[in-house]
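# Observations on chain architecture
Now for the letters of each chain:
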Amino acid sequence: MLMLTFDMYGQEIQVQGKVVSIEDNLSIPGASVVVKGTTIGTITDIDGYYSIKANKGEILIFSFMGMEALEKTISGAKLDVALQPQLYNLNEVIAIGYGTQRKKEISGAVVQVKAEELGKISTSDLGSALQGVVAGVSVQASSGAPGAASNIQIRGVSSINGQNSPLFVVDGIPQESDPRLGNSEIETVDILKDAASCAIYGTRGAAGVILITTKQGKAGEMKISLNSYYGIQKITSGIELLNFEDYLYQFVTSKTHLDPATSTDKIWTSLENSTDNFTNNTSIVNTIENDNATIQNHSLNISGGKQGLTYNVVGSLFKQEGTLINSNYERANVRANTSYKKGKWTIRTGLGFRVEEQAYASWNLLYEAYKYKPYQAPLDPNAVSFSGAGTLGNDQQQLGTIMAKLKQTDVRNGEQFNGNININLEVTEGLNLTASGSVLYGNNTRVLTNPLFKVYDDDGVLILNPNTRSGVKNTSDRNTSFTWDAGANYEKRFGDHQIKLLAMGSAEKYTFTSFWASGQDITSNEVQNLGQTTAEPSVGIGNGYNQNRTNSLVGLLARFQYDYKGRYLLSVSARHDGSSRFGEDYRWGTFPSASVGWNVSDENFWQGLSSTVNSFKLRGSVGTTGNQSFQDYSNAATISSGYDYPFGTDANPTMALGGVQTGFANPDVQWETSFQKNIGVDLGLFDNKLTVSADYYDTSKKDLLFPLLIPTAAGAGQNQSVILNVGDMTNKGVELAVGYRKHGKFTWAVNATYSKNVNEVTKMTGSNPIAYFSNGNPVNISGNSDKITVIREGYEAGAYMVMETNGLANTEEKLAAYQKINSGAEMGDLIYVDQDGNNVIDEADRVYGGSGTPEFEIGLNFNCDYKGIDFSMQWFGSFGQEVINGSKIFAYTAGTHKDLLYQWTEANPYGVIASNRGGSHDNYRAWADTWIEDGSFVRLRNVTIGYTMPKNVINKIGVSKLRFYIAADNPLTLTKYTGYDPEVGNDGLATRGLDKGNYPISSQYRAGIQLDF
């Protein structure tokens, strides 16, 4: 009998069958069929049929993207199967930090984004690919420059003085900053939003956590995938500037405003000495902008392995030309992951290498285009000198400055290597010991070069201009990180009860060093390096966040998870961290959390509704997280060198290099802490075709670190500060995600997200009820550098405090009334409102003017497929934020904005624009509310049309997938904003919403191919 049994199950047969969809009984071509535990496998043909050799009693695994995997035991030569669409997979594995969990078992606010979603946007930045995809995750472009990282804020602003970006964790290894991976390296991105989920990361979880899992190999035959695209970029908006004739009209009008007694025939311009310029009508915007700049990406993925040993190697090359001159970004990434399993041991390794080159456009380059006069000569960025710069000193200096910026190069070259290893030992069933270690080395070299360039006036005389002086500055930095953690996992099921225990210890160390050297006056443009400079050699090290630093972090963590029948869920965790960034008495902090969940749809009383509402889960959590993301050594006194100090007598003075205390010690600096409550609900309806997820959260942030200004009399100089725990802040919000998916001949899906966050500063120190950000000025012009963004109790962080205006003094009655407040007011001036009634316009008259933070954001994603033709589009909307149009302010003060045609004059008493009386006049002060514009917008983020070749055609040439597609990113933006682009992220807080001539966001159009072997 035993022999008969052995023969029955050991007999090899040819198994044949068909794989179809259970919904419509249509065949599924390209489905994977693998003998479980082996590398033997095949795929279905164009009609869904397969054939494979296997033994009776063995198990076949059937799988296909978007379908639930199915296992079937072989009992005969015929085996047909029907796969279930993967609409809302409750068994999907989600990363939760130091472990994984089935979606059904998760009781916190965790969302997963798969690689297919990330690949829809052509970008070098992960954040850009996440915009509008996940509710509660606000992504805003910091700049349109190539290689620029976006601002990612999870559930609002988390810190005032520290960083607001989330913690990135790659394959279980915490990163010091954005790891800048290629999207082709990523398998999944899991985002931990609530404090209960983030508390396992303790000190760094206050801003949320992004867990990145890179691609791993799978047992089976080798698979090769190629993904490549090429496209162009265009700037589709801009600032309207005056042409030659209109500029002269505005120029004459402005002169008469300044001196009404001046007749027009007595107003002098440089055109009188440079009559050739009468034929010019110059705008250098087209010289600065690089229209049809190219963008391309090419990635190659090789994976495979056998039982017990798998591998995955991915390489990618991303290149993007800038849409502004002298800017671009190029990056090459290579990553190799392996997994080895033998007996009770599992060893996983990962190696990554990145090489990148980033060229930066000159600072405020667009501002130079705004102020360039239309009568001035056209410019050639490749010229080595310029003759005929006119006779007016300002024009000469301006021309030289612009040419210097057009010729300036600023290039950073970086390399990074990282490696990690994870070792797991299964001691007994359910008990595993694990240890991980990683190392990272990074180097950057940045070279700023101002080549030799000379400007001559109309008479051939050399014009001296410090801005055209040649020179070179080299900056080098090196960063390292070492991480280690070890611990134990225990998992046990007792009947209907299941418990999971985790205990870990971790240690991390980060170092950063930098050095710079510079020199002036290059001998020749043929050799542009530091060795060829001849004057003013100088060296130094970085400061602020670029200072030399070493910091370390150690932690102990534990987590207990319990579920009963998968119905009642409980998770409790705590982490005890110590950070070197704090004084000895305040280095340690403990961060506990707890979450519960109830799968209501598993209850017997729900069975009558289960045909409609298939899954219904309630979630609740509370948790505490910390924040240590502020400058190192902020708690210590700082002595800065580089200050000259006089010695000797008046008759015989000498200068010596001295030092000044620029930072004051505060050894009592403590953790910023966040306490968050979260409730949520997850629903799946109509066979899980319709899914709904909603969350409400309430976050209280205590002991926020604020930099308080120190009086100059203390001896630290101007704008120096000391760090104190003096602020509190709250974030409250609602998140909603809804999705619907339909399978069939015509397969389609739609997903929508809604996010609303309300931020408020609830406490500040009594002596400083309002604090202006030092860089919160929309423009920085002599006499017009008003700071706008503030921290003020009762308002959101980064709120605008502006001067309210009440139209123009365009009648004698209005002028007389306003002259009681401003005796120097004239007709056509802007009227400021005296809020406190003391007949003086001063800082006390500022009022709230909104902020760059949106009131709510929405995302809408749609995709469909019919007979190999696929279509998808992504929409994103941001509503309720304001933008201060600094570009318009600058162009007004330069006298080149087209709006100035409509300024008030005696000849145009109905003009709606204040009279131009110069850049420093109150009419064009940056603090006026007239510059505030509605920054709301709706943007078509991406639209893609693709075609996948039929299997029966491509299988003949050994190809398993061949897809062609065309796509466009940002082709359409609906907004009332009159500047380049309403998405003005900048640093995400102090300068958020301040359009300072930002690098514009471009539209992209590309074509691509996907090829699998």
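Residues numbered from 1 in each chain as written. Predicted model: local features only at pLDDT ≥ 70, side-chain atom pairs only at ≥ 80, totals over all residues. Heavy atoms only, no water.

### Considering the overall build of the protein
Summing up its helical and strand segments, the protein has eleven helices and 52 strands in all. Since a compact globule built from 1013 residues should have a radius of gyration of about 31 Å, the 32 Å found for the protein is in line with a globular shape. Overall, the protein is about 120 × 65 × 65 Å in size when its C-alpha atoms are taken along their principal axes. The buried share of the protein, taken over its 1013 residues, is 51%. Within the protein, residue pairs in contact and separated by at least 24 positions form 70% of the contacts whose partners lie at least 6 positions apart. Of the side-chain charges in the protein, 83 are positive and 103 negative, and the distance between the mean point of each set is 10 Å. (Helix = DSSP H or I, 4+ residues; strand = E, 2+ residues; numbered from the N terminus. Rg over C-alpha atoms; globule rule 2.2 N^0.38 Å. Buried < 20%, exposed > 50% of the residue type's maximum accessible area, 1.4 Å probe, protein only. Contact = heavy atoms within 4.5 Å. Lys, Arg positive; Asp, Glu negative; His and termini not counted. Charge placed at Lys NZ, Arg CZ, Asp CG, Glu CD.)

### A look at helix α5 (residues 244-258)
The end-to-end C-alpha separation of α5 is 21 Å, in line with the 21 Å expected for 15 residues at 1.5 Å each. By the N-cap criterion, in which a side-chain oxygen at the helix start approaches the backbone nitrogen of a residue two or three places on, α5 is capped by Asn243, the distance to Glu245 being 3.4 Å. (Expected span 1.5 Å × (residues − 1). Polar contact = N/O pair within 3.5 Å; in protein donor to acceptor, adjacent residues only side chain to side chain.)

### Quick notes on the domain arrangement of the protein
Where interface size is quoted, it is often the accessible area lost as the parts come together. Domain annotation for the protein reports domain 1 (12-83), domain 2 (93-216) and domain 3 (234-288). For domain 1 and domain 2, the distance between their C-alpha centroids amounts to 36 Å. (Domains from an automatic or database assignment.)

### Some details on the sheet that holds strand β39 (residues 770-772)
Taking strand neighbours across the sheet as the criterion, the four strands line up as β39-β40-β41-β44 in an open arrangement whose pairing is antiparallel. At either end of the open sheet lies a strand with only one pairing partner, and these are β39 and β44 (846-851). Along the sheet, successive strands turn relative to each other by an average axial angle of 45°, direction set aside. Sheet topology places β39 next to strand β40 (residues 789-792); three bridges connect them, and they run antiparallel. By the bridge assignment, Tyr772 is partnered in β40 with Val790. (Pairing = 2+ DSSP bridges. Axes fitted to C-alpha atoms, helices over the stretch in contact; angles between N-to-C directions.)

### Side note on the sheet that holds strand β48 (residues 932-934)
Strand order across the open sheet formed by three strands is β48-β47-β51, with mixed pairing between neighbours. The two strands at the open ends of the sheet, each matched to only one other strand, are β48 and β51 (994-995). Each of β47 (882-885), β48 and β51 touches helix α10 (residues 886-894); the most contacted strand, β47, lies at about 20° to it.

### Things to note about the pairing of strand β41 (residues 799-803)
For β41, a buried count of five out of five residues is recorded, marking the element as mostly surrounded by other parts of the structure. Here β40 pairs with β41 via two bridges, running antiparallel. When the sheet's bridge partners are listed, Val790 is paired in β41 with Ala799. Once β40 ends, the chain turns through six residues before running back antiparallel as β41, passing Gly794 with a positive phi of about 95°. In the sheet, β41 pairs with β44 via four bridges, with the strands oriented antiparallel. Within β44, the position partnered with Val802 by the bridge is Val847.

### Thoughts on the environment of Asn301
Its place among the elements puts Asn301 in strand β18 (residues 293-306). Given a relative accessible area of 11%, Asn301 falls into the buried group. Placed 74 residues apart in sequence, Asn301 and Asn227 show a C-alpha to C-alpha distance of 8.7 Å. Leaving out residues up to four positions away in the same chain, Asn301 has contacts with Ser184, Lys215, Lys223, Ile224, Ser225, Asn312, Val313 and Val314. For Asn301, the side chain forms a polar contact with the side chain of Asn312, separated by 3.0 Å.

### Here's the deal with the nonpolar core
One finds Ile288, Tyr370, Leu379 and Leu406 to be the most contacted residues of the largest nonpolar core, which totals 56 residues. Residue assignment for this core shows that the elements contributing at least two residues are α6 (285-288), α7 (365-371), α8 (393-407), β41, α9 (812-819), β43 (830-832) and α10. Among the elements that line this core, the one with the most residues is α7, at five residues. In contact with Leu379, not counting residues within four places along its chain, are Ile284, Thr287, Tyr372, Phe386, Leu399, Ile402, Met403 and Leu406. Listed in part, the 19 residues of the second largest apolar core include Leu130, Val134, Ile186 and Ile210. (Core = buried A, V, L, I, M, F, W, Y, C linked by side-chain atoms within 4.5 Å.)

### Here's the deal with the confidence of the model for the protein
On average, residues of the protein score 88 in pLDDT, and 95% of them reach the 70 mark or higher. Counting contacts from residues 1-9, a segment whose pLDDT is below 50, to residues more than four positions away or on other chains yields four contacts. (pLDDT = per-residue confidence, 0-100.)

### Remarks on unusual backbone geometry
Residue Lys867 is not a glycine yet carries a positive backbone phi of 50°. Locating Lys867 in the fold gives a position in the loop between β45 (856-866) and β46 (869-879). Using a relative accessible area of 64% as the deciding quantity, one classes Lys867 as exposed. One non-glycine residue, Asn970, lies in positive phi territory at about 55°. When you line up the elements, Asn970 lands in strand β50 (residues 961-975). Residue classification places Asn970 among the buried residues on the basis of a relative accessible area of 11%.

### Here's the deal with the packing of aromatic side chains
This structure, assessed with the given rule, holds 24 aromatic pairs. When the centroid spacing of 6.0 Å and the interplanar angle of 5° are considered together, the rings of Tyr564 and Tyr568 count as stacked. Among the residues examined, Tyr564 registers a relative accessible area of 22% and is labelled partly exposed. On the basis of relative accessibility, which here comes to 34%, the residue Tyr568 falls in the partly exposed class. Seen from the ring of Trp927, Arg925 lies directly overhead, with NZ or CZ sitting 3.9 Å from the centre. (Phe/Tyr/Trp six-rings, centres within 6.5 Å; stacked < 30°, edge-to-face > 60°. Lys NZ or Arg CZ within 6 Å of the ring centre and 35° of its normal.)

### A word on the pattern of salt bridges
In the structure shown here, the tally under the stated rule is 36 salt bridges. Among the ionic pairs, Arg204 bridges to Glu508, the shortest N-O distance being 2.7 Å. Taken together, the residues Arg204 in the loop between α4 (195-198) and β16 (209-214) and Glu508 in strand β27 (residues 497-522) connect sequence positions 304 residues apart. On the basis of relative accessibility, which here comes to 11%, the residue Arg204 falls in the buried class. For Glu508, a relative accessible area of 4% puts it in the buried group. Between Arg917 and Asp829 there is a salt bridge, with its nearest N and O atoms 2.6 Å apart. Residue Arg917 is located in the loop between α10 and β48, and its partner Asp829 is located in the loop between α9 and β43; the two are separated by 88 residues in the primary sequence. Across the pair, Asp829 and Arg917 agree in class, each one buried. (Salt bridge = Lys/Arg side-chain N within 4 Å of Asp/Glu carboxyl O.)

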